[in-house]
Number of protein chains: 2
Amino acid sequence: MGNKQILVAGILDTKGEEIKFLADRVRAAGGNAVILELSVGHEVGWADISLSEVVSRAGKKKEEIFALDRNSASDLIAAGAIKLVDELRTAGKVDGVIAYGGSMGASIATRIMQSLPIGVPKIMLTTMASGDVGPYVGTRDICMMYPIAEAGLNKVTREILNNAAGAVVGMASAPAMEGVAEKPLIGCMMFGVTTPCVLRASSIMEKAGYDVMINHAVGSGGRSMEELIRDGYITGMLDITTHEIADEMLGGVLGAGPDRMTAAGELGIPQVIAPGGLDLINFGPKNTVPERLLKETDQPGRNLYEHNPTVTCIGVSMEEGYMIGEHMAEKLNAARGPSVLCVPMQGWGACDLAEPDIELGWAGPGSGPVWTADVDNPKWSRRSVQYVKALQAKIDPNKDNLEVILVDKHMNDPVFADFMAELLLEMLNGTWTKGNKSDLPYVIPF
Amino acid sequence: MGNKQILVAGILDTKGEEIKFLADRVRAAGGNAVILELSVGHEVGWADISLSEVVSRAGKKKEEIFALDRNSASDLIAAGAIKLVDELRTAGKVDGVIAYGGSMGASIATRIMQSLPIGVPKIMLTTMASGDVGPYVGTRDICMMYPIAEAGLNKVTREILNNAAGAVVGMASAPAMEGVAEKPLIGCMMFGVTTPCVLRASSIMEKAGYDVMINHAVGSGGRSMEELIRDGYITGMLDITTHEIADEMLGGVLGAGPDRMTAAGELGIPQVIAPGGLDLINFGPKNTVPERLLKETDQPGRNLYEHNPTVTCIGVSMEEGYMIGEHMAEKLNAARGPSVLCVPMQGWGACDLAEPDIELGWAGPGSGPVWTADVDNPKWSRRSVQYVKALQAKIDPNKDNLEVILVDKHMNDPVFADFMAELLLEMLNGTWTKGNKSDLPYVIPF
């Protein structure tokens with residue numbers, strides 16, 4: 001199979017010596033190093049792939065790039081490099097990417113890495129790697145490595161760069177997995193408040209012959225799930241924990257962008273959905289909760305719950321519950337494949353239940369911190385009733401692939417988990433039809 | 001040399017299948033996987049190194065650990081594992097460490113990794129890796145890798161774990177560097193406002209036959225420099241940029257802990273120091289600057305400077321300048337090796353100068369944003385004069401290894417960089433004596 005082709009990328013006009021050394025060590029480790037220039041100031045002339053070639057893919061000449069401010073220049077360099085690296089990869093010439101840089105170099109290089117499929121080795125060496133790397137990593141399998149020094153080749157940095165070179169060649173040479181039976185993959189979203197439900201439902205899927213990918217519904221998890229669906233990894237969705245939608249709409253910190261809960265619908269992939277965690281808006285430490293919300297904690301369901309010193313939750317109000325219902329109805333109406341939204345009327349997670357029940361996730365004392373009983377039917381959540389009113393007003397009743405099922409259970413009741421898993425299995429087996437669960441004793445007419 | 005010994009660590013009672021798979025892939029890549037148990041809930045019985053053995057190093061039995069709350073348990077597991085891994089490493093049985101975990105697993109495993117020397121391969125797989133990883137990485141060469149999924153083995157996670165296994169074996173097998181002449185290493189601290197000075201002084205050191213390690217003075221940089229000194233990497237310090245001390249004392253965000261500027265003194269390593277950047281306290285976006293400071297921006301030198309949307313600086317007040325002088329004098333008095341503090345009286349960085357001068361780092365218009373002229377000698381910074389008063393009151397005049405030199409230049413004047421580099425070279429050559437620069441025209445009597 002020959003030597004592995006490793007792209008060694010960086011801003012050569014300021015980090016040239018470091019990149020040259022890194023390329024040498026990639027070669028020493030048995031890789032074929034190809035130096036990719038991302039220079040923002042001037043072209044060095046010794047790169048394997050020059051900046052001129054990179055920016056030609058963005059329709060620019062190097063002089064045009066160097067005349068721009070650094071941020072605009074870096075955007076065009078990244079855009080050109082993404083195209084060029086995609087061409088190389090399609091031609092079988094990219095077995096891995098490694099880069100070294102400061103904040104600017106890391107910003108350009110990780111945009112290239114984020115554009116590459118999962119599994120292509122990606123290592124970013126940067127002093128930014130001992131801080132918030134969220135923007136650099138995004139939702140991709142990027143290795144961030146802290147080289148300690150900002151600049152300079154010496155016995156510390158040489159040792160670290162040598163290790164990194166060994167790592168990228170080692171990743172590119174990792175033996176193929178034989179004897180691992182690949183099963184079709186179910187996507188599933190989890191959060192603390194829905195854990196009992198998710199673990200039970202996913203274990204049913206596993207017993208039925210599927211693998212399950214459980215993402216953490218903290219923003220990056222939802223984003224990467226939507227990407228995995230679009231990249232063709234996912235056969236069916238158990239979208240139990242949709243609370244990222246509340247954070248996105250209401251200013252919480254765990255939003256996953258406006259496109260959450262759209263990919264499966266667009267691609268026609270079977271999906272069973274629940275309002276897991278939509279009773280909560282999530283913030284960091286208590287002093288980061290907006291003043292406006294703190295003033296409303298006397299309103300029904302608008303309670304504050306300090307989960308721990310770094311996570312503070314505020315209950316979703318009744319009006320917001322209605323708004324979320326409208327928003328989700330719109331996304332569901334656009335779905336092209338089998339889609340069922342299951343609404344557990346007795347509460348949407350461990351913070352949202354009428355009485356303490358350790359099995360359902362709330363030890364008490366008293367009701368869950370954001371629970372509010374419905375006036376007409378106090379066994380049901382008032383927020384859930386508002387949400388259902390919005391669904392009744394907005395869901396397209398004429399679509400045979402789309403159903404809303406109200407279930408007279410709590411989210412974490414085992415019956416609810418079993419119900420959702422069974423629905424998804426029927427969809428995958430082709431035996432599900434709209435309304436085929438209506439006779440079950442705990443199903444409430446929508 | 002035999003197969004590389006790779007510790008594969010994790011909380012086996014919740015991530016057992018993932019860790020087993022990771023160990024299999026380490027073996028497939030040619031490593032010798034040794035599974036290290038960090039379980040917090042119960043012992044699984046199949047680890048190569050059991051939790052009982054781990055916590056025995058902390059003087060505990062597993063039953064005692066499992067009876068504790070998870071945070072206390074994890075502290076003891078980490079403490080035991082650090083001792084045990086150190087024993088193994090001393091016996092030549094650790095060529096690399098890889099771990100997979102959630103936030104708890106990452107917290108325990110990276111504490112072990114942080115205890116290992118630079119150069120020992122360290123890879124942490126965790127969904128926490130697409131966020132603020134500062135606490136996990138600290139000041140060490142740890143690779144943080146985002147496995148996308150919170151849990152579950154499937155075609156996505158298997159591919160990523162297989163890559164990670166290849167990476168750790170590849171790092172452990174990275175060829176030794178031959179033909180690289182190791183030179184003695186000079187430590188140097190840099191920040192935007194002192195860049196011209198640092199680059200010039202360090203290039204002089206390089207020409208004189210030294211390697212230079214330039215760390216970014218943003219907290220982690222200063223901490224890791226102090227560690228590198230204590231670990232024996234550093235031959236001499238060009239501690240030009242000490243501003244982390246201001247942030248530590250005055251509530252800025254780039255503090256490096258109370259031990260900054262102590263290691264070289266304690267170990268008797270030659271050090272040339274300057275007050276680079278001590279004119280500024282650093283914060284994040286403008287809305288994160290404490291109200292108290294915003295109210296004082298009409299005071300001399302207390303100006304606000306928005307460097308960019310994510311970095312806001314406030315000038316150090318005259319009183320604070322005096323306090324910083326006292327603090328540094330105390331640390332200097334304790335130094336055991338040749339130590340010179342050079343004070344550039346015309347300003348301490350690119351934001352602190354009387355008139356625009358692009359070579360010194362400030363394009364104008366007007367004086368630097370935190371500049372305040374001394375009343376008696378308007379060419380000098382008033383803050384610097386206050387600082388010197390504190391030094392005059394506190395510096396021990398009887399120590400032959402310790403000198404304060406006032407220089408009638410700006411920090412970024414090439415003469416100042418040359419002066420400091422020459423001082424350090426004389427110290428390293430053994431030709432420096434206290435007072436031997438007093439006759440230079442730009443040296444002011446202290």
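Note that the coordinates shown come from a computational prediction; the quantities given were computed from them, not determined experimentally. (Residues numbered from 1 in each chain as written. Chains lettered and ligands numbered in written order. Predicted model: local features only at pLDDT ≥ 70, side-chain atom pairs only at ≥ 80, totals over all residues. Heavy atoms only, no water.)

### A short note on the overall build of chain A
As a reminder of what qualifies: Per the convention used, a helix needs a DSSP run of H or I reaching at least four residues, while a strand needs a run of E reaching at least two, with both numbered from the N terminus. Here the term buried applies to any residue with accessible area under 20% of the maximum for its type, exposed to any over 50%, and partly exposed to those in between, with areas from a 1.4 Å probe on protein chains only. Contact between two residues is taken to exist if any of their heavy atoms lie within 4.5 Å; hydrogens are not considered.
Helix and strand counts for chain A come out as 15 helices and 15 strands. Overall, the C-alpha framework of chain A stretches about 75 × 50 × 40 Å when taken along its three principal axes. Put simply, chain A has 446 residues, and 59% of those count as buried. Long-range pairs, those at least 24 residues apart, make up 71% of the contacts in chain A between residues at least 6 apart in sequence.

### Things to note about the relation of the copies chain A and chain B
The cut-off we apply is this: Here the copies are matched by least squares. The fit uses the C-alpha atoms of residues with pLDDT of at least 70 in both.
Once turned by 180 degrees and shifted 0.0 Å along the axis, chain A lies on chain B with an RMSD of 0.1 Å. Viewed as a symmetry operation, the transformation between the two copies matches a two-fold axis. The share of interface residues of chain A whose copies in chain B are also at the interface is 100%, consistent with both copies meeting through the same surface.

### Concerning the domain arrangement of chain A
All names here are of chain A. Inclusion rule: Where each domain begins and ends is defined by an automated method or by a domain database. Buried area: the accessible area, evaluated with a 1.4 Å probe, that two parts lose upon being put together, summed over both parts. For this document, the term salt bridge refers to a Lys or Arg side-chain nitrogen within 4 Å of an Asp or Glu carboxyl oxygen. Nitrogen and oxygen atoms within 3.5 Å of one another constitute a polar contact, given that in protein one can donate a hydrogen and the other can accept it, and given that sequence-neighbouring residues count only through two side-chain atoms.
Parsing chain A into structural domains produces domain 1 (5-172) and domain 2 (185-444). The C-alpha-based centres of domain 1 and domain 2 are spaced at 40 Å. Across the interface of domain 1 and domain 2, roughly 390 Å² is buried in total on both sides, 50% from carbon and sulfur atoms. Among the residues of domain 1 in contact with domain 2, I118, T139 and R140 are the three that bury the most area, contributing 93% of the side total. For the pair domain 1 and domain 2, the interface holds two salt bridges. Applying the counting criterion to the domain 1 and domain 2 interface returns three residue pairs in polar contact (both at pLDDT 80 or more).

### Details of the packing of aromatic side chains
Residue and element names in this part refer to chain A. Where we set the bar: Pairing of aromatic rings covers Phe, Tyr and the six-membered ring of Trp, with a centre-to-centre limit of 6.5 Å; geometry is then stacked below 30 degrees between planes, edge-to-face above 60, and tilted otherwise.
One pass over the structure, following the stated rule, counts six aromatic pairs over all chains. On the basis of an interplanar angle of 70 degrees and a centroid distance of 4.9 Å, the ring pair of W348 and Y387 is categorised as edge-to-face. In this pair, W348 is assigned in the loop between β13 (339-344) and α14 (382-394) and Y387 in helix α14, connecting sequence segments 39 residues apart. Note on W348: relative accessible area 1%, which makes it buried.

### Comments concerning the interface of chain A and chain B
Contacts between the two partners involve 62 residues from chain A, matched on the other side by 62 residues from chain B. Linking chain A with chain B are four salt bridges, by the criterion used here. Measuring nitrogen to oxygen at the nearest pair gives 3.3 Å for the salt bridge that ties A:E182 to B:R158. Linking chain A to chain B there are 21 residue pairs in polar contact (both at pLDDT 80 or more). Secondary structure elements with two or more residues in the side of chain A that touches chain B: α1 (12-28), α6 (134-137), β5 (143-145), α7 (155-172), β6 (185-190), β7 (211-216) and α9 (220-230) of chain A. Take the side of chain A that touches chain B: its biggest share by element is twelve residues, from α7(A).

### Some details on the pairing of β7(A)
In the case of a regular strand, side chains alternate between the two sheet surfaces. All names here are of chain A. The line we're drawing: Two strands pair if DSSP finds at least two bridges between them. Here is how to tell: hold the view so the strands point away, follow the path from the first strand over the helix to the second, and if it runs clockwise the crossover is right-handed.
Of all six residues in β7, five are buried, a share of seventy percent or more. Sheet analysis places β6 next to β7, joined by six bridges and oriented parallel. Residue pairing in the sheet places C188 in a bridge with I214 of β7. For the segment spanning β6, helix α8 (residues 195-207) and β7, crossover handedness is right-handed.

### Considering the packing of helix α4 (residues 70-90) of chain B against helix α5 (residues 103-114) of chain B
Residue and element names in this part refer to chain B. Just so we agree on the cut-off: Angles here are taken between N-to-C directions and fall from 0 to 180 degrees, while the axes themselves are lines fitted to C-alpha atoms, restricted in helices to the stretch in contact. Each angle gets one of four labels, with under 35 degrees taken as roughly parallel, over 145 as roughly antiparallel, 65 to 115 as roughly perpendicular, and the rest as oblique. Take the far helix as the reference: if the near one is turned anticlockwise from it by less than a right angle, the crossing is left-handed, and if turned clockwise, right-handed. When residues are sorted by character, Ala, Val, Leu, Ile, Met, Phe, Trp, Tyr, Cys and Pro go into the nonpolar class, Asp, Glu, Lys and Arg into the charged class, and all the rest, Gly among them, into the polar class.
It is at 8 Å that the axes of α4 and α5 come closest, and there the two elements cross at 30 degrees. With respect to each other, α4 and α5 are oriented roughly parallel. Considering how the two elements wind past one another, α4 and α5 form a crossing that is right-handed. Between α4, through R70, N71, S74, D75, I77, A78, A81, I82 and V85, and α5, the contact on the second element is made entirely by M104, I108, R111 and I112. Looking at the contact of α4 with α5 residue by residue, the classes come out as eight nonpolar, two polar and three charged.

### A word on the packing of α7(A) against helix α7 (residues 155-172) of chain B
One can describe the packing of α7(A) onto α7(B) by two numbers: an axis separation of 7 Å at closest approach and a directional angle of 140 degrees. Accordingly, the angle class assigned to the pair α7(A) and α7(B) is oblique. Pair α7(A) / α7(B) crosses with right-handed handedness. Along its contact with α7(A), which presents A:N163, A:G166, A:A167, A:G170 and A:M171, the element α7(B) presents B:N163, B:G166, B:A167, B:G170 and B:M171. For the contact of α7(A) with α7(B), the class distribution of residues is four nonpolar, six polar and no charged.

### Some words on the environment of A:M427
Residues and elements named next belong to chain A. Tracing the backbone shows M427 in helix α15 (residues 414-429). Take M427: its relative accessible area is 8%, and that puts it in the buried class. For M427 and K331, which are 96 residues apart along the polypeptide, the C-alpha to C-alpha distance reads 19 Å. Sequence-distant contacts of M427, that is, excluding residues within four places in its chain, are made with P270, Q271, V272, P338, S339, V340 and W432.

### Here's the deal with the UniProt feature "domain: UPF0261" (unreviewed entry) in chain A
Residues and elements named next belong to chain A. The following threshold applies: UniProt positions are given in the numbering used here, feature names are shortened, and annotations may be inferred rather than shown by experiment.
As recorded in UniProt, the feature "domain: UPF0261" (unreviewed entry) lies at residues 4-174 and 183-354. Between the C-alpha atoms that bound residues 4-174 there is a distance of 11 Å. The span itself is 49% helix and 14% strand. Secondary structure content for residues 183-354 is 33% helix and 23% strand, while the C-alpha to C-alpha distance between its ends is 40 Å.

### A closer look at the sheet that holds strand β12 (residues 311-315) of chain B
Residues and elements named next belong to chain B. Across the sheet, three strands lie side by side as β10-β12-β11; this open sheet has antiparallel pairing. Where the open sheet ends on each side, the last strands, each with one partner, are β10 (280-283) and β11 (304-308). Sheet twist, expressed as the average angle between the axes of neighbouring strands with direction ignored, equals 25 degrees. Note: β11 against β12, four bridges, orientation antiparallel. Each residue of the ladder has a partner; that of L304, found in β12, is I314.

### A look at the sheet that holds strand β7 (residues 211-216) of chain B
Across the sheet, which stays open at both edges, the seven strands sit in the order β7-β6-β8-β9-β13-β14-β15 (chain B) with mixed pairing between neighbours. Each end of this open sheet is capped by a strand with a single partner; those strands are β7 and β15 (443-444) of chain B. Most of the contacts of α7(A) go to β7(B), to which it runs at about 75 degrees, and overall it touches β6 (185-190) and β7 of chain B. Lying on the sheet, helix α9 (residues 220-230) of chain B is in contact with β6, β7 and β8 (236-239) of chain B; it crosses β7(B) at an angle near 145 degrees.

### Focus on α9(A)
The element α9(A) is largely enclosed, with a buried count of eight among its eleven residues. For α9(A), the elements touching its buried residues are β6, β7, β8 (236-239), α10 (244-250) and α11 (263-267) of chain A together with α7 of chain B. Once α9(A) finishes, A:G232 follows within two positions and takes phi at roughly 90 degrees, a positive value.

### What to know about unusual backbone geometry
Residue A:P365 is bonded to the preceding A:G364 through a cis peptide linkage, with omega at 0 degrees. Along the polypeptide, A:P365 turns up in the loop between β13 and α14. Positioned with a positive phi, B:I148 is a non-glycine residue whose angle comes to about 70 degrees. Inspection of the secondary structure assignment puts B:I148 in the loop between β5 (143-145) and α7. Non-glycine residue B:M261 carries a positive phi angle of around 65 degrees. By the element assignment, B:M261 lies in the loop between α10 (244-250) and α11 (263-267).

### Description of the pattern of salt bridges
Where side chains of opposite charge bring their charged atoms close, a pairing between them can arise. Residues and elements named next belong to chain A. If you walk through the whole model with that rule in mind, you get 46 salt bridges over all chains. Residue E296 pairs with R302 through a salt bridge whose shortest N-O separation is 3.0 Å. Comparing E296 with R302, the two get one shared label, buried. One salt-bridge network, in which partners are shared between bridges, spans E226, D239, E244 and R260.

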